[in-house]
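Each chain, written out:
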Amino acid sequence: MEKRILLSTPHMGEQELEFVKEAFDTNWIAPVGPHIEAFEQEFCQVTGAGYAAAVSSGTAAIHLALQLIGVEPGDEVLCSTLTFVATANPIIYLGAKPVFIDSDRTSWNMNPDLLQEMLEYRAHIGKLPKAVLLVHLYGQSADIDPILKACNQYDIPLIEDAAEALGATYKGRSPGTFGRIGIYSFNGNKIITTSGGGMLVSDNADLVAKARFLATQARDPAPHYQHSEIGYNYRLSNVLAGIGRGQLRVLSERVAARRRNFEVYQQALGNLPGLEFMPEASFGRATRWLTCLTIDPQTFGANREQVRLALAEQQIEARPVWKPLHLQPVFAECEYFGGTVAEDLFARGLCLPSGSNLTNEDLQRVISAIAAVHKNTIPTQTSLCI
Ligand SMILES: *Cc1c(COP(=O)(O)O)cnc(C)c1O
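Residues numbered from 1 in each chain as written. Predicted model: local features only at pLDDT ≥ 70, side-chain atom pairs only at ≥ 80, totals over all residues. Heavy atoms only, no water.

Enquirer: Quick rundown of the overall build of the chain? Include the residues and the values.
Expert: Helix and strand content of the chain: 13 helices and 14 strands. Its C-alpha atoms give the chain a radius of gyration of 22 Å, near enough to 21 Å, the size a compact globule of 386 residues would have. Each principal axis of the C-alpha distribution contributes one length, and for the chain these read about 85 × 60 × 35 Å. Per-residue burial for the chain yields a buried fraction of 54% across its 386 residues. For the chain, contacts bridging at least 24 residues in sequence account for 71% of all contacts bridging at least 6. Counting 32 positive and 41 negative side-chain charges, the chain places the centres of these two groups 3 Å from one another. (Helix = DSSP H or I, 4+ residues; strand = E, 2+ residues; numbered from the N terminus. Rg over C-alpha atoms; globule rule 2.2 N^0.38 Å. Buried < 20%, exposed > 50% of the residue type's maximum accessible area, 1.4 Å probe, protein only. Contact = heavy atoms within 4.5 Å. Lys, Arg positive; Asp, Glu negative; His and termini not counted. Charge placed at Lys NZ, Arg CZ, Asp CG, Glu CD.)

Structure representation (C-alpha cells):
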C-alpha cells in the first residue's frame, strides 16, 4: 500500500518536547502556569500584537472576541462568507445574526467595496451592524486598510479571524493585529499547532485581561469562589502552551516550507491549461498555508470533483475550497450581500496537500496524479479534432 498523503498534518520541531518535559518536571500540568505567560509574550513578539490571551481553541477566541465587543441577541455581525464554519458559529452562540459578504478575486477574502456599500446602505436605513468579522483565508491577508477605513467611518469594531494566517503579512505587519481584536488557531491542521488551542490578541490591555477573566469561569477576586458574570472554561493548558512555545520557534521555517510547496506545484502544473493558482495579492506576503487552485473544466478536461477523486484513488487527500457559509443549510435564513465570486471559488477550487513536512516524493506524486488526469482527457479532445 502506498503511503497516504494528507492535506495538512502536525509538524513538530526540536524544542516542543523539552518545554512539555519542563511542565512535567515542575508539575505545571495545570492550571494556568508559566508556559502560558511566556507563550503569550512570545506570540506578541512574533506578531507585533500588544497583548495576548491563550485559549483552548480559535473558536473559543472568536466567541470571547464577540462577547467583549458587546454582541448581544438580535445584533448583526457582518462576516466573510468564504470561510470555515467556526468563524460564524460563535455569532449564533450569542444569539446574534451573521450577514455574509462575498469575496474579491485578488485575495479571495472579503471584498472591501462590498463592505463599504453595505455599511453605507445600513447607515442610510439606520441599521448598522455591531461588528465586522473579517477572515484571512488560506494564509493570505484580506485587504485590511479599506476595510478598516469603512469600519472606522461608521465606528464599527473590526474583529480579525487570522486562524489560517499566522506568519502572513499585510504591508509588512501581521494580519490579526489591525482590528480591535484578532484571533488565531493552533488546531492540528494549522501552520503551527498545540494539538488544539487558540490566541486572542488586542492592543487594548483591558480587553485581553477581560478575555482571560471570562476564559477562567469569570471568577471575581475573592478568597472564596465568587462570580458576578457568566464565564467559560476556555483557557489553554500549560502543557499545550509548552508545545506552542516550541512551535513558534519554527514558524518562519514552516512558512518557508509551505511557500516552497506552492512554488513546486506551480512550476510543475502552472502551464497546464485550465489550472489557475490562488493569486498572491500585492499588499502582502501569503504563507500558502494551503496551496489552492481553481480548475476550469472545459479547458482542463476534468472538473474539480473528478480531479479530487482521481487523487483520492492514489491515496492523496485534497479538499474543495470552503463552501461559502451563505450556501450552508444551517445559515439558509441568513442575509447575504454579493455576487458569485465565493460560489465560483467553491465550485472550481481545490486545496492540495500542503503540509510543511511533505517530501519531494510526496509533491511529485500529487503532481503526477494531477498531470495524469489532464493527459487522460487529451485523446477525447484529439478525437474531437479528427
Ligand atoms: C481553524 C479555523 C477556525 C477555528 O479554530 P479552532 O482552533 O479549530 O477552533 C476559525 N476560523 C478559521 C478561518 C479556521 O480556519
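Enquirer: Residues and numbers for the pattern of salt bridges, please.
Expert: Oppositely charged side chains are able to pair whenever their charged atoms sit close together. As enumerated under the stated definition, the model contains 19 salt bridges in all. In this structure, Glu 40 and Arg 212 form a salt bridge, with 3.2 Å as the shortest nitrogen-oxygen distance. Here Glu 40 is found in helix α2 (residues 34–47), whereas its partner Arg 212 is found in helix α7 (residues 205–215), with 172 residues between them in sequence. On the basis of relative accessibility, which here comes to 29%, the residue Arg 212 falls in the partly exposed class. Residue Arg 235 pairs with Glu 40 through a salt bridge whose shortest N-O separation is 2.8 Å. Linking Arg 235 in the loop between α7 and α8 (238–249) with Glu 40 in helix α2, this pair joins segments that are 195 residues apart in sequence. (Salt bridge = Lys/Arg side-chain N within 4 Å of Asp/Glu carboxyl O.)

Enquirer: Residue-level account of the site of the ligand, with values.
Expert: If you check the shell around the ligand, you find 15 residues, and the closest are Thr 59, Asp 161, Glu 164, Ser 185 and Lys 190. In this structure, an oxygen atom belonging to the ligand sits 2.7 Å away from a main-chain N or O atom of Gly 58. One of the side-chain nitrogen or oxygen atoms of Thr 87 is found 3.5 Å away from a nitrogen atom of the ligand. When the residues that make up the shell around the ligand are grouped by side-chain class, the tally is four nonpolar, eight polar and three charged. (Near = heavy atom within 4 Å. Polar contact = N/O pair within 3.5 Å; in protein donor to acceptor, adjacent residues only side chain to side chain. Nonpolar A, V, L, I, M, F, W, Y, C, P; charged D, E, K, R; others polar.)

Enquirer: Pulling in residues and values, what's your account of the packing of helix α1 (residues 16–25) against α8?
Expert: Where α1 contacts α8, the two axes come as close as 7 Å, and the packing angle between them is 155°. With respect to α8, the element α1 is oriented roughly antiparallel. Our pair here, α1 against α8, has a crossing hand that is right-handed. The segment α1 lies against α8, with Glu 16, Phe 19, Val 20, Ala 23 and Phe 24 engaging Asn 238, Val 239, Gly 242, Ile 243, Arg 245, Gly 246, Gln 247 and Arg 249. Among the residues forming the contact of α1 with α8, the class breakdown is six nonpolar, four polar and three charged. (Axes fitted to C-alpha atoms, helices over the stretch in contact; angles between N-to-C directions. Parallel < 35°, antiparallel > 145°, perpendicular 65-115°, else oblique. Left-handed = near helix turned anticlockwise from the far one by under 90°.)

Enquirer: An account of the sheet that holds strand β3 (residues 97–101) is needed here, citing residue identities and associated values.
Expert: Reading across from one edge, β1-β8-β7-β5-β4-β2-β3-β13 is the order of the eight strands in this open sheet, with mixed pairing throughout. Each of the sheet's edge strands pairs with one partner strand only, and the pair in question is β1 (51–55) and β13 (335–337). Going across the sheet, the axis of each strand differs from the next one's by a mean of 20°, ignoring polarity. As paired elements, strand β2 (residues 76–80) and strand β4 (residues 131–135) share three bridges and run parallel to each other. When the bridges of β4 are listed, Val 77 appears paired with Ala 131. Running at roughly 170° to strand β7 (residues 181–185), helix α3 (residues 58–69) makes contact with β1, β2, β4, β5 (158–161), β7 and β8 (198–202) of the sheet. (Pairing = 2+ DSSP bridges.)

Enquirer: Before we move on, can you summarise the sheet that holds strand β9 (residues 275–277) with the specific residues and values?
Expert: What holds strands together in a sheet is hydrogen bonding between their backbones, with the strands either parallel or antiparallel. Taken together, four strands build an open sheet; the order of strands is β9-β11-β14-β12 and the sheet is antiparallel. Each having just a single partner strand, β9 and β12 (319–320) make up the two edges of the open sheet. The pairing of β9 with strand β11 (residues 291–295) spans three bridges and is antiparallel. Its bridge partner being in β11, Leu 275 is matched across the sheet by Ile 295. Where helix α9 (residues 251–269) meets the sheet, it contacts β9, β11 and β14 (349–352), and its direction lies at approximately 155° from that of β9.

Enquirer: Give me the environment of Met 110: which residues, what numbers.
Expert: One can find Met 110 in the loop between β3 and α5 (112–124). For Met 110, a relative accessible area of 1% translates into the label buried. In contact with Met 110, not counting residues within four places along its chain, are Cys 79, Ser 80, Ile 101, Asp 102, Ser 103, Asp 104, Leu 115, Val 132, Leu 133, Leu 134 and Ile 147.

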